[in-house]
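Here are the chains, one letter per residue:
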Amino acid sequence: MDFTFTEEQQAAVEAAKAVFAGVAPDGVPSPALTPGAVADDFDRALWAKLAGADLLSLLLEPEYGGAGLDSVALCLVLRESAKVLARVPLLESTAAAVAVQAHGSEELKAGLLARAGRGETVLTVAANGRTGHDPAELAVTARREGDGTWVLEGVQTAVPWAHNADFVLVPAHTPADGRTVLALVPRVHEGVVLSEQVSTSGERLGELCLESVRLSARDVLDADGAWEWLRALLATGTCALALGLGEGVLGMTSDYTGKREQFGFPIATFQAVAVQAADRYIDLRAMEATLWQAAWRVGSGAGGALPLAGDVAVAKIWASEGVRRVVQTAQHLHGGFGADTDYPLHRYHAWAKQLELSLGPAAAHEETLGDLLATHPLG
């Protein structure tokens, strides 16, 4: 397997580094000191810079103003964003736009995609389900009436950026035939009720209640496999965020232990410290290898010994457990300094916990992997 990145992918990384260079991880109040959300909105100034650098349209086709790149390029940019805790709906908006591009009507694509690529229209996805262990599509039902109108009923929890996005892409199941559709629900629409929730990282989430919400056929993507692919892209993108965050934290820890002295020597020279840091470096490399395997399959559609969901599950297991171990070790090696709210490490810890549980914890993906191995025996 060749993990060499193309020139276009490397160019996306360089553009991302330039945009994120000025982002301060402590640019909003600390979640440890804030009873509610740390901010009412995401970082709109950074969003505009991402749009100006064409990083919001990476996966869109040229006819919509995009670069036509793949999920690997998106994950490379997400990796850079997490190093500085960038507060933008880059993953959700991009993933939703790509789903519309792949399965939406020409009318919907023409009216939405170019604006999304320019950052003028913000999208998000309701993908968490009720507990992280149950499929998100089961939280909402969709039925089609005789005139082609779709009617949605149900509640989706922990929807990221729901209060600030223009549209929420909602997976819903059709009880009549057991299929899953994706409904593009406007934030302001009859029957849509949003309640505020707050994430572990202090970001504003939304509980999305759909009460007989009626949508035209144009706003519903009913292609087979659309939701499964979108869920795989979201989970893989979450793994990229976890990797970037972990790399940022390990870098902070290296800098700190290289300067902090005990008994006249930097503590980084002590064997106990070095071994712990080395273990976390191994975690990050495993997270990276499994991430690129999953991202490559999501983007290429290539086959494998297991269905795509298997590689995504492996990547998410490593991402969830690996990022948790990285931040825990970082806190330990920083000592009491790691809990200081004037130092950004505690923010990374909160974000890591949020990413660990987003789209299902490791245990949920272990269940998925077990089911896949039972039905697709290897060897």
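For the structure itself, consult the block above.
Residues numbered from 1 in each chain as written. Predicted model: local features only at pLDDT ≥ 70, side-chain atom pairs only at ≥ 80, totals over all residues. Heavy atoms only, no water.

Moving on, we come to the packing of aromatic side chains. A complete count under the given rule lists five aromatic pairs for this structure. Ring centres of Phe5 and Trp292 lie 5.2 Å apart, and the angle between their planes is 75°; on these two criteria the pair is classed as edge-to-face. Residue Phe5 is located in the segment before α1 (7–20), and its partner Trp292 is located in helix α7 (residues 271–300); the two are separated by 287 residues in the primary sequence. A residue is classified by how much of its surface remains accessible, and Trp292, at 3% relative accessible area, is buried. In this structure an aromatic cluster arises from ring pairing among Phe42, Trp47 and Trp161. Here the guanidinium or amino end of Arg285 rests over the ring plane of Tyr281, the centre of that ring lying 4.9 Å away. (Phe/Tyr/Trp six-rings, centres within 6.5 Å; stacked < 30°, edge-to-face > 60°. Helix = DSSP H or I, 4+ residues; strand = E, 2+ residues; numbered from the N terminus. Buried < 20%, exposed > 50% of the residue type's maximum accessible area, 1.4 Å probe, protein only. Lys NZ or Arg CZ within 6 Å of the ring centre and 35° of its normal.)

A few words now on the pattern of salt bridges. If you walk through the whole model with that rule in mind, you get 24 salt bridges. Two residues, Arg214 and Glu145, come together in a salt bridge whose shortest N-O distance is 2.7 Å. Of this pair, Arg214 sits in strand β7 (residues 204–215) while Glu145 sits in the loop between β2 (140–144) and β3 (150–160), placing them 69 residues apart in sequence. By relative accessible area, which is 40% here, Arg214 ends up partly exposed. We classify Glu145 as partly exposed; its relative accessible area is 27%. Between Lys353 and Glu356 there is a salt bridge, and its shortest N-O distance comes to 2.9 Å. Highlighted residues: Lys353 and Glu356, both in helix α9 (residues 345–357), separated by three residues, approximately one helical turn. Note on Glu356: relative accessible area 12%, which makes it buried. Within the structure, one salt-bridge network assembled from shared partners comprises Arg79, Glu80, Lys83, Glu247, Arg285 and Glu288. (Salt bridge = Lys/Arg side-chain N within 4 Å of Asp/Glu carboxyl O.)

Phi at Asp54 is positive, roughly 60°, even though this residue is not glycine. By the secondary structure assignment, Asp54 is in the loop between α2 (44–52) and α3 (71–83). Backbone geometry at Ala158 places phi at a positive 50°, although glycine is not the residue there. By the secondary structure assignment, Ala158 is in strand β3. Note on Ala158: relative accessible area 22%, which makes it partly exposed.

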